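Letter by letter, the chains look like this.
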Amino acid sequence: AFAHDAIGRGAVAVVAETPPAGAVAVPWITVGDGRLALALLADAFYGHPSRTLTVVGITGTNGKTTTAYLTSALFEAAGVKAGLLGTVTYRIGAEEYKAERTTPEAPDLQAMMRAMVDRGCGACALEVSSHALALRRVDGMAFAAAVFTNLTRDHLDYHGSMAAYFAAKRRLFDMLPAGAPAVINLDDPQGRALCDAVSRPVTYAINQPADVTPGPLSFSMEGLGFDVRTPRGLIRVRSKLVGRANVYNLLAAVTAGLALDLPFSAVERGVAAVDRVPGRFQVVSTPADDVMAVVDYA
């Protein structure tokens, strides 16, 4: 609709789902899916940066942000500089920017990935929203692993049904190369269905048998402490994060780290290094205060 105006302002080519109405002064490429074309062109334009990074895509209704913070910290503890893109912040090297949306549009996302590579990052923890998957913002990216946290009722105004919502989430796992780990929460009812659809499921759970499970849980408002049983041995988790929901987030990150062969010592140090996630059950009072104040989902 705005192609002729764009050409007048200097656009050098047009990619569109419809042919031009009349003669145009620049190349005009007609495609079947404009959003897919946008994603693939952006990936190519920025030199396929995700192929240089270890990208962990994290999807699910709840827990994406905290799991992304934890996953990034595991890489940092292993000596791998890691970027972070999600709901709260975009972190590229030493710089942080306010996040405009959970998963940026394809050209912005690829530009940030390229900046990570240029600034020496070797990994990226990326929150992948259902909107981004449905709108093909991450198509063409190379994912080293994907994480499924859970699925609860949300975004049905956009997706229309829980089945369509889950189908959007599942697209991330369809993008995984053969042999890449799919980290899946088996306590979620959709987890089992997802396991059956991937080539290398690596599972975690609290309430049922899985590849990665916690030992007895110790809860307090000062943090969490528990051992994690894994196929590679026992990991001790000591975290300042609070609450049962964060047990799941910790298990998700630990499972992803182990599936990507990070050292046990790095996993333990990385988990302990995350003392808060902004706006995610963030305790802002101190033990000396008369009340406990918590900021959650804000």
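Small disclaimer: the values here were computed from a predicted structure and weren't measured. Residue positions are given per chain, counting from 1 as you read along its sequence in written order. This being a predicted model, a pLDDT of at least 70 is required before a residue's local features are given, and a value of 80 or more before pairs of side-chain atoms are given or counted; all residues contribute to the totals for chains, interfaces and linings. Water and hydrogen atoms were dropped before computing side-chain values, which therefore reflect all heavy atoms in the structure.

Participant: Would you mind going over the overall build of the protein with me for this structure?
Facilitator: Along its length, the protein carries ten helices and 16 strands. In this description the radius of gyration comes from C-alpha coordinates, and the expected globular size is given by 2.2 Å times residues to the power 0.38. Scaling as 2.2 N^0.38, a compact globule of 298 residues should have a C-alpha radius of gyration of about 19 Å, and the protein matches this with 21 Å. For the protein, the spread of C-alpha atoms along the three principal axes comes to 70 × 45 × 40 Å. Taking all 298 residues of the protein together, 48% fall into the buried category. Excluding contacts between residues fewer than 6 apart, the proportion of contacts in the protein whose partners are at least 24 apart in sequence is 57%. For the area figures, the Shrake-Rupley method with a 1.4 Å probe applies, and any residue is considered shielded solely by the protein chains shown. Within the structure as shown, the protein displays about 13700 Å² of accessible surface, and the carbon and sulfur contribution to it stands at 54%. Charge-centre separation for the protein: the mean point of 27 positive side chains lies 3 Å from the mean point of 28 negative side chains. Each helix corresponds to a stretch of at least 4 residues labelled H or I by DSSP, and each strand to a stretch of at least 2 residues labelled E; elements are numbered beginning at the N terminus. Working definition: with a 1.4 Å probe on protein chains only, accessible area under 20% of the residue-type maximum means buried, over 50% means exposed, and in between means partly exposed. The contact definition used throughout considers only heavy atoms, calling two residues in contact when any of these lie within 4.5 Å. Under the convention used here, Asp and Glu are negative, Lys and Arg are positive, and both His and the chain ends fall outside the count. To locate a charge, take atom NZ for lysine, CZ for arginine, CG for aspartate or CD for glutamate.

Participant: What exactly am I supposed to notice about the nonpolar core here?
Facilitator: In a soluble, globular protein the nonpolar side chains are often hidden away together inside. Counting 38 residues, the largest nonpolar core has F226, V228, V237, L251 and V254 as its most contacted members. Counting residues per element, this core draws most heavily on helix α9 (residues 244–259), at nine residues. Those residues in contact with L251, other than ones at most four positions away along the chain, are Y204, A205, I206, V212, T213, P214, F226 and V228. Side-chain atoms within 4.5 Å are what join buried Ala, Val, Leu, Ile, Met, Phe, Trp, Tyr and Cys residues into a set we call a nonpolar core.

Participant: Honestly, the pairing of strand β14 (residues 233–239) in this entry has me stumped. Any pointers?
Facilitator: Strand residues, when the strand is regular, have side chains that alternate between the two faces of the sheet. Two strands qualify as a pair provided that DSSP identifies no fewer than 2 bridges between them. Relative to β14, strand β13 (residues 223–230) is paired through seven bridges, and the arrangement is antiparallel. Looking across to β14, one finds that F226 is bridged to V237.

Participant: Can you walk me through the pattern of salt bridges in this structure?
Facilitator: Pairing between side chains of opposite charge can happen when the charged atoms of each approach one another. We define a salt bridge as a contact between a side-chain nitrogen of Lys or Arg and a carboxyl oxygen of Asp or Glu at a distance within 4 Å. Here the structure, examined in full by the defined rule, presents nine salt bridges. The salt bridge involving R136 is made with D33; its shortest N-O contact spans 3.1 Å. A residue pair is termed long-range when its members are at least 10 positions apart, and R136 in the loop between α5 (130–134) and β8 (145–148) and D33 in the loop between β2 (28–30) and α2 (34–45) qualify at 103 residues. Taking the relative accessible area as the measure of exposure, R136 reaches 25% and is therefore partly exposed. Notably, a salt bridge pairs D139 with R136, separated by 2.6 Å at the nearest N-O pair. D139 sits in the buried class, given a relative accessible area of 6%. Each of D33, R136, D139 and R171 takes part in one network of salt bridges that share partners.

Participant: Quick question: what am I supposed to make of the sheet that holds strand β9 (residues 182–185) here?
Facilitator: Backbone hydrogen bonds are what pair the strands of a sheet, in a parallel or an antiparallel way. Spatially, eight strands are ordered β6-β5-β4-β7-β3-β8-β9-β10 in an open sheet, and the strand pairing comes out mixed. Strands with a single pairing partner mark the edges of an open sheet, and in this sheet they are β6 (95–98) and β10 (201–204). When strand polarity is set aside, the average angle formed by the axes of neighbouring strands in this sheet is 20°. As defined by bridge partners, strand β5 (residues 89–92) adjoins β6 across four bridges and the pair is classed as antiparallel. Considered in β6, the bridge of I92 is made with E95. Against the sheet, helix α3 (residues 64–77) engages β3 (54–59), β4 (82–85), β5, β7 (123–127) and β8, with an angle of about 160° to β3. To define axes, lines are fitted to C-alpha atoms, for helices over the stretch in contact only, and angles between the resulting N-to-C directions are given on a 0 to 180 degree scale. Strands β3, β8 and β9 of the sheet are contacted by helix α7 (residues 162–174), whose axis makes an angle of about 160° with β3.

Participant: Is there a simple way to explain helix α10 (residues 264–273) in this structure?
Facilitator: An α-helical turn contains 3.6 residues, so any two residues separated by three or four positions project in the same direction. Listed as buried for α10 are A266, V267, G270 and V271. The buried side chains of α10 occupy one side of the element, clustering within an arc of 125° when seen end-on. Where α10 is buried, its residues meet α3, β14 and α9. The arc in question is formed by the directions pointing from the helix axis toward the C-beta atoms.

Participant: What am I meant to see in unusual backbone geometry here?
Facilitator: Despite not being glycine, H48 has its phi angle at roughly 50°, a positive value. One can find H48 in the loop between α2 and β3. In this structure H48 comes out as partly exposed when scored by relative accessible area, which is 25%. Positive phi, close to 40°, is recorded for F281, a residue that is not glycine. Following the sequence through the fold, F281 ends up in the loop between α10 and β15 (282–283). For F281, a relative accessible area of 34% puts it in the partly exposed group.

Participant: What's the story with α2 in this structure? I'm lost.
Facilitator: The span one expects for a helix is its residue count, reduced by one, times 1.5 Å. With twelve residues, α2 should cover 16 Å at 1.5 Å per step; its first-to-last C-alpha distance of 16 Å lies within 8% of that length. Buried residues of α2: A37, A39, A42 and D43, and no others. Each element contacted by the buried residues of α2 is listed here: β1 (14–16) and α4 (106–118). With a side-chain oxygen positioned 3.0 Å from the backbone nitrogen of R35, the residue opening α2 is D33. G47 lies just past α2 and shows a positive phi near 80°. Two N or O atoms form a polar contact when they lie within 3.5 Å of each other; inside protein one atom must be a possible hydrogen donor and the other a possible acceptor, and for residues adjacent in sequence the pair counts only when both atoms belong to side chains.

Participant: I'm lost on a nonpolar patch on the surface in this one. Help?
Facilitator: What makes a patch is a set of residues exposed beyond 30% relative accessible area and free of salt bridges, joined within 9 Å when like-charged and within 5 Å when nonpolar (Val, Leu, Ile, Met, Phe, Trp, Tyr). Together, M221, F281, M292 and V294 make up a nonpolar patch on the protein surface, roughly 320 Å² of accessible area in all. Tracing the backbone through its elements, the reader meets M292 in the loop between β15 and β16 (294–295).

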